[in-house]
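Fold and geometry: a report
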Amino acid sequence: MTETFGPLSPALILILAGLILPLVKGPLRNALFLLAPVAALALVWALPLGPGLAVDWLGLNLVLIAPDNMARIFGTAFGIAAIAGALFGVTQPSATEKAAALLYAGAAQGIAFAGDLVTLFVFWEILAIGSTLVIWSNGHARAGLRYALIHVLGGVLLFAGISAEISGSGNVALHAMRADTIGRWLMLAGILVNAGALPLSAWVADAYPKASWSGAVFLSAFTTKAAVLVLIRLFPGEPALTWIGLAMAIYGLTYALLENDIRKLLSYSIVGQVGFMVVAVGIGSPLALAAAALHALAHILYKSLLMMAAGSILRATGETRLTALGGLARSMPFTAVAMLIGGFSLAALPLTAGFVSKSAILAALAEGQAGFYWFALTAVSAGSFLYIGLRLPWFALFGPGSAKVMAGSAPSMLAAMGLLCVLLVVPGCFPGLLERLVPEIAGVPILTADHILFQLQMLVAASCIFALLLPLLRPSAGSTLDFDWLWRELPRLAAPHWRRAWALFGKPVVGIWAETRGRWASFSQRSILLLGAAGNWRTGKIAIWATALLAIYVLIAAL
Amino acid sequence: MDRLRRLVLIALAVVLVLLVVADTFVTHHASFGIDGTPGFAARFSLVSAAIAVAVSYGWGLLMRRPGERADD
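Just so you know, these numbers come straight off a predicted model, no measurement behind them.

To continue, consider the overall build of chain A. Looking only at helices and strands, chain A features 24 helices and 3 strands. Computed over its C-alpha atoms, the radius of gyration of chain A comes to 26 Å, within 12% of the 24 Å expected for a compact globule of 559 residues. Along the first, second and third principal axes, the C-alpha atoms of chain A reach 90 × 65 × 55 Å. Each of the 559 residues in chain A was classed as buried or not, and the buried ones make up 59%. With an accessible surface of roughly 21,900 Å², chain A has 72% of that area assigned to carbon and sulfur atoms. With 32 positive and 21 negative side-chain charges, chain A shows a spacing of 13 Å between the two charge centroids.

Structure, rendered in structure tokens:
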């Protein structure tokens, strides 16, 4: 079986389809765009669980396809997201975006099934290229460049960490580890950049809203969740992840509550929800890791749905600012229902998939006796309902104001949203379906009377606070400062001061520089002459230099 | 507070009280003791949501700027 399906990786199908897509036109292009994700998802399930496909390359034992249950969970989530995203965006005229989206989805599948560090890194970089092209295809060159630079930084950190790991252990296999060496910290940092962890979280809300109405759906599904999968594989139980994840959850909540733009709000929400997963990875028990994977699956489904609803609103009204929207429930009822189901699932309303996955995460925290994180994430969960289940629907769909709808949603867009609504509600009503995919959650109490009552009290109490403090939650035009101020605003503000400083100190600096270069040139000249005469050195002198160089080498190796 | 908001708030408060009453009749499976007490979720969520609003509002006063950012 592995021999049959080995070369046919789900990643390969999508990447090849992405490369071929610009060469074909019309219905054939759309057919390719729709069918490649279906074939990839079929392959995710056709690949038998086992050791997978290994090849020897330059003396490295690479495992290109390693199908285990975790790969299947994430492969399923990525597969569904690609199918739903393609269906939603099939009417998108940009061939570049469609091709990039398939490349991007393929890279995510490649990461899900990668069995070694080298394969992982290759797909990691293809993921960055695909996602950057999705943003660029909508014409936002500078935002795309910022996104690319952040991911280059993440890629360099990961590459440095992988190089150190391979040179240290000689092993390229993916295995659980602790961040106990500089190399492993670099690797962890590189992965956390893609996960949207602080202090570089701002790239998510900077880049995702710049994509087209259809491109943002793909962006919301892959990068951050692929990073969560890599954390599960490499750093399960890493203690630092618990507080990093909690910081992400609080950051996402605070910024989402302030945001005026729907797609930025959803981007901040991605960071917050990934924070839940990162905390679970930090706990590291089998239940916690399974819960993190399940929450990633549920999150991909409801965030794709919410991005679709936001994309439909953008396409129909040309607006995504809450201050310019309102009353859309009457003119866009289907989109309104989709937004409510997506939002309620994120807020873990009983009978939705989000309720199952969040229950599993909290059960894992309780099992691990991580009381502080249990109470903190439960509090953040109550706050999440404020922005996604109340503030967003109220000001976009039901509140005052009536945004002008200029174009209706295409049937394919409605079909994609309908598909995701079903996929969120059915497993929520029948959690046993998810238990088959993630058997570790079988013992978690989900649809029990006390648990349902607990969650309903949480949501109704949060609603009371929303009604009471509504004036404080009113959206306002503007932007919220973030860490990206350092690279987006500071250079522009510092430029005039820099010019003044250069006018004052420029001449002396140029003089010092010229003098230094002159001295360096004469030093090099002398060194070359000296080394040329090394054959005549005394043995003692050579021994001293050799010992010094060896000492420096040993010191560097020890570090 | 406008009339509609007051009515909604009263209705929600009534629903919340009913849920708390119902909570006294079910068996709890507490993980940390206090989370098994009847009405804990309601009290905890009221406080948490109020803190979330206060923190984000305060953060907004400090960090919110009028106008779009460059390149946005």
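On to the environment of A:Gly106, then. Residues and elements named next belong to chain A. Secondary-structure assignment places Gly106 in helix H5 (residues 95-113). Considering only alpha carbons, one finds Gly106 and Ala11, 95 residues apart in sequence, at a separation of 4.1 Å. Beyond its immediate chain neighbours, meaning those up to four positions away, Gly106 contacts Ala11, Leu14 and Ile15.

Attention shifts here to unusual backbone geometry. Residue and element names in this part refer to chain A. Following Leu198, the chain continues into Pro199 via a peptide bond in cis, with omega recorded as 5°. Relative to the assigned elements, Pro199 resides in the loop between helix H8 (182-195) and helix H9 (202-207). Not every positive phi belongs to a glycine, and Ala348 is a case in point at roughly 65°. Looking at the secondary structure, you find Ala348 in the loop between helix H16 (333-346) and helix H17 (353-367). Residue class for Ala348 comes out buried when judged on its relative accessible area of 2%. In the Ramachandran plot, Gln369 falls in the positive-phi region, its phi being about 55° despite a non-glycine side chain. As for its position among the elements, Gln369 is in the loop between H17 and helix H18 (371-398). The exposure class assigned to Gln369 is exposed, which follows from its relative accessible area of 55%.

Further remarks concern the side chain of A:Arg488. Along the chain, A:Arg488 falls in helix H22 (residues 485-488). Within the structure, the side chain of A:Arg488 is placed 3.3 Å from the side chain of A:Asp206, a separation counted as a polar contact.

The periodicity of an α-helix, 3.6 residues per turn, causes residues three or four places apart in sequence to face the same way. Under the 1.5 Å per step criterion, the end-to-end length of helix H2 (residues 40-63) of chain B is 34 Å for 24 residues, consistent within 8% with the ideal 34 Å. The set of residues buried in H2(B) consists of B:Phe40, B:Ala41, B:Ala42, B:Phe44, B:Ser45, B:Ser48, B:Ala49, B:Ala52, B:Val53, B:Ser56 and B:Gly60. Where the residues of H2(B) are buried, they touch helix H12 (240-258), H18 and helix H21 (449-468) of chain A together with helix H1 (3-23) and strand E1 (64-65) of chain B.

This part covers the side chain of A:Ser201. Relative to the helices and strands, A:Ser201 is located in the loop between H8 and H9. Contacts of A:Ser201, omitting those with residues within four sequence positions, involve A:Gly196, A:Tyr251 and A:Val271.

Residues and elements named next belong to chain A. Across the interface, helix H4 (residues 69-89) lies against helix H14 (residues 286-317) with an axial gap of 9 Å and an inter-helix angle of 5°. On the basis of the axis angle, H4 is roughly parallel to H14. In this structure, H4 uses Met70, Ile73, Phe74, Ala77, Phe78, Ile80, Ala81, Ala84, Gly85 and Phe88 to contact H14, whose residues at the interface are Leu289, Ala293, Ala296, Leu297, Ile300, Leu301, Ser304, Met308, Gly311 and Ser312. In terms of residue class, the contact of H4 with H14 is made up of 16 nonpolar, 4 polar and no charged.

Moving on: the interface of chain B and chain A. Taken together, the contact pairs 46 residues of chain B with 55 residues of chain A. Considering only the surface of chain B that becomes buried against chain A, B:Phe32, B:Arg64 and B:Arg69 emerge as the three largest contributors, covering 19% of it. Across the chain B-chain A interface, the total number found is 0 salt bridges. Contributions of two or more residues to the side of chain B that touches chain A are made by H1, H2 and E1 of chain B. In terms of residue count, the dominant contributor to the side of chain B that touches chain A is H2(B) (17 residues). Among the residues forming the side of chain B that touches chain A, the class breakdown is 27 nonpolar, 10 polar and 9 charged.

All names here are of chain A. H18 packs onto H16 with a crossing angle of 170° between their chain directions and a minimal axis gap of 8 Å. Viewed along their axes, H16 and H18 adopt a mutual orientation that is roughly antiparallel. Of the two possible hands of crossing, H16 and H18 adopt the one that is left-handed. Between H16 and H18, the residues in contact are Ala336, Met339, Leu340, Gly343, Phe344 and Leu346 and Ser384, Phe385, Tyr387, Ile388, Gly389, Leu392, Pro393, Leu397 and Phe398, respectively. Across the contact of H16 with H18, the residue classes tally to 12 nonpolar, 3 polar and no charged.

With that settled, the discussion passes to the pairing of strand E2 (residues 60-65) of chain A. Residue and element names in this part refer to chain A. Note that strand E1 (residues 53-57) and E2 share 5 bridges and pair antiparallel. Paired with Leu53 across the two strands is Ile65, which belongs to E2. Taken together, E1 and the strand that follows it, E2, pair antiparallel across an intervening segment of 2 residues, in which Leu58 is found at a positive phi of about 50°.

Quick look at the domain arrangement of chain A now. What the domain assignment lists for chain A is domain 1 (236-488) and domain 2 (494-519). Relative to domain 2 of chain A, the C-alpha centre of domain 1 of chain A lies at a distance of 52 Å.

All right, on to the nonpolar core then. Core analysis: the biggest nonpolar cluster contains 200 residues, and A:Phe74, A:Phe222, A:Leu234, A:Phe235 and A:Ile262 have the highest contact counts within it. No other element matches H14(A), which puts 22 residues into this core. In this view, A:Phe222 contacts A:Phe78, A:Ala81, A:Ala82, A:Tyr104, A:Ala105, A:Ala108 and A:Leu127; residues no more than four positions away in its chain are not counted. If you look at the next biggest cluster of nonpolar residues, it comprises 10 residues, including A:Val460, A:Cys464, B:Leu16 and B:Ala42.

Looking now at the packing of aromatic side chains. Residue and element names in this part refer to chain A. Per the counting criterion, the structure on display carries 25 aromatic pairs over all chains. Centroid distance Phe218 to Phe222: 6.5 Å. Interplanar angle 35°. Geometry classified as tilted. Look at Phe218 and you get buried, because its relative accessible area is 3%. Aromatic rings pair up to connect Phe33, Phe74, Phe78, Tyr104, Phe218 and Phe222 into one cluster. The ring of Phe276 carries Lys358 above its face, with NZ or CZ at 4.8 Å from the centroid.

Looking now at the pattern of salt bridges. Residues and elements named next belong to chain A. A full pass over the atoms with the stated rule returns 11 salt bridges over all chains. The salt bridge involving Asp68 is made with Arg233; its shortest N-O contact spans 2.8 Å. Pair noted here: Asp68 is in the loop between E2 and H4 and Arg233 is in helix H11 (residues 223-234), with a separation of 165 residues, a long-range link. Among the ionic pairs, Arg519 bridges to Glu515, the shortest N-O distance being 3.0 Å. With Arg519 and Glu515 both in helix H23 (residues 490-532) and 4 residues apart, the pair spans about one turn of that helix.

Rules behind the numbers
- Residues numbered from 1 in each chain as written.
- Chains lettered and ligands numbered in written order.
- Predicted model: local features only at pLDDT ≥ 70, side-chain atom pairs only at ≥ 80, totals over all residues.
- Heavy atoms only, no water.
- Helix = DSSP H or I, 4+ residues; strand = E, 2+ residues; numbered from the N terminus.
- Rg over C-alpha atoms; globule rule 2.2 N^0.38 Å.
- Buried < 20%, exposed > 50% of the residue type's maximum accessible area, 1.4 Å probe, protein only.
- Areas by Shrake-Rupley, 256 points an atom, 1.4 Å probe, with all protein chains shown as cover.
- Lys, Arg positive; Asp, Glu negative; His and termini not counted.
- Charge placed at Lys NZ, Arg CZ, Asp CG, Glu CD.
- Contact = heavy atoms within 4.5 Å.
- Polar contact = N/O pair within 3.5 Å; in protein donor to acceptor, adjacent residues only side chain to side chain.
- Expected span 1.5 Å × (residues − 1).
- Axes fitted to C-alpha atoms, helices over the stretch in contact; angles between N-to-C directions.
- Parallel < 35°, antiparallel > 145°, perpendicular 65-115°, else oblique.
- Nonpolar A, V, L, I, M, F, W, Y, C, P; charged D, E, K, R; others polar.
- Buried area = accessible area lost by both parts, 1.4 Å probe.
- Salt bridge = Lys/Arg side-chain N within 4 Å of Asp/Glu carboxyl O.
- Left-handed = near helix turned anticlockwise from the far one by under 90°.
- Pairing = 2+ DSSP bridges.
- Domains from an automatic or database assignment.
- Core = buried A, V, L, I, M, F, W, Y, C linked by side-chain atoms within 4.5 Å.
- Phe/Tyr/Trp six-rings, centres within 6.5 Å; stacked < 30°, edge-to-face > 60°.
- Lys NZ or Arg CZ within 6 Å of the ring centre and 35° of its normal.

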